[in-house]
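# Reading the structure
Here are the chains, one letter per residue:
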Amino acid sequence: MKEEKNKKQEKEEVTEQTIVEVVEEAPKLEFEEKPEEFEIVEIEKETKPEIKTDVEKWQPKTEVGKKVKVGEITDINQILDKGLPILEQEIIDVLIKPEHELLLVGQSKGKFGGGARRVFRQTQKKTPEGNKPSFSTYAVVGNKNGYVGGGYGKSKDTVPAREKAIRKAKLSVFKIMRGCGSWECNCKTPHSIPFKVKGKCGSVEITLIPAPKGKGLVVEKECAKALRLAGIKDILSKTSGQTRDKMNLIEACFSALKKLTKHKIQPEQIAELGIQEGALK
Ligand SMILES: [Zn+2]
């Protein structure tokens, strides 16, 4: 009888152990999804992430890239004036040594529609398997001396979205024109823009107006980031439409800046307005 009792006890113990094991394993699966959110918040704090591209290890694949690597092309104007395609971001890294900055295009979740501005715009797609999140962001690139570009990046995760945006921004670099078109100033140095320009994207319309020296960048904050990277020190502006859509606003700002170089200018105006194209000499 005693032996039988022992056996029964052993069996019970074994079954108890297995139950404990099963219970321990189960809740682990539920917690796996949560840590991602914390990571996102940490990344979002940085509008200026450190991303270094290795120019020395770069092996160019395009013709323009090879010429830059060899040293045949040393000025970005040699590429932009001919309209040659820029397909490798290292070309820009070598020629103008740009700085980058991410714009606050997204919004964190909050009650009453009052979430703080974020670097990443988070969206979700409904699928049979569940919600598939994706992240998008907008980067501005410039050398603070006449050249800027902007790019949009979207991906399943934050880091590739950021890299995509910066890469696209570098590939879309263009030249701006600076001068002093302010009637209050008349100093003939390129600290502002030479004349008034308008840009539009969606419903957003922006007018950039020359400002006198010392005025600073009187524009919406995200546009100011782009103008600072372009090397403009003083400007006035006027906007209309849905300006809380930061992506349309910044696109409108870029289309205005692009119009600067498309204007026909009389030769006597160059000296009068202190017009300088691209980098200052
Ligand atoms: Zn001036």
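Scroll up to find the structure.
None of these values were measured; they are calculated from a predicted model. (Residues numbered from 1 in each chain as written. Predicted model: local features only at pLDDT ≥ 70, side-chain atom pairs only at ≥ 80, totals over all residues.)

## Brief notes about the environment of Lys258
Here Lys258 lies in helix α8 (residues 246-260). We classify Lys258 as partly exposed; it has 15 C-beta atoms within 10 Å. (Helix = DSSP H or I, 4+ residues; strand = E, 2+ residues; numbered from the N terminus. Buried ≥ 20, exposed ≤ 12 C-beta atoms within 10 Å, placed from the backbone.)

## Remarks on the pairing of strand β5 (residues 130-142)
By the bridge criterion, four bridges tie strand β1 (residues 99-102) to β5 in an arrangement that is antiparallel. Bridge pairing links Glu99 to Gly142 in β5. One ladder, built from seven bridges, connects strand β4 (residues 121-127) with β5; its direction is antiparallel. The residue of β5 that forms the bridge with Gln124 is Pro133. (Pairing = 2+ DSSP bridges.)

## Thoughts on the nonpolar core
Core analysis: the largest hydrophobic core is formed by 55 residues, its most contacted members being Val148, Ala226, Ile250 and Cys253. Of all the elements in the fold, those that place two or more residues in this core are α5 (89-96), β5, β6 (147-155), α6 (158-171), β10 (204-210), α7 (221-230) and α8. Residue contributions to this core peak at nine residues, all from α8. If sequence neighbours within four positions are ignored, Ala226 has contacts with Val140, Val148, Gly150, Ile250 and Cys253. (Core = buried A, V, L, I, M, F, W, Y, C linked by C-beta atoms within 7 Å. Contact = placed C-beta atoms within 7 Å.)

## Considerations on the sheet that holds strand β9 (residues 197-201)
One open sheet holds the four strands; their spatial order is β9-β10-β12-β11, and the pairing between them is mixed. In the strand order of this sheet, the two ends are held by β9 and β11 (217-218), each with one partner. Across five bridges, β9 lies against β10 in antiparallel orientation. Considered in β10, the bridge of Cys201 is made with Val204. Of the strands in this sheet, β9 and β10 touch α8, which is tilted by about 140° from β9. (Axes fitted to C-alpha atoms, helices over the stretch in contact; angles between N-to-C directions.)

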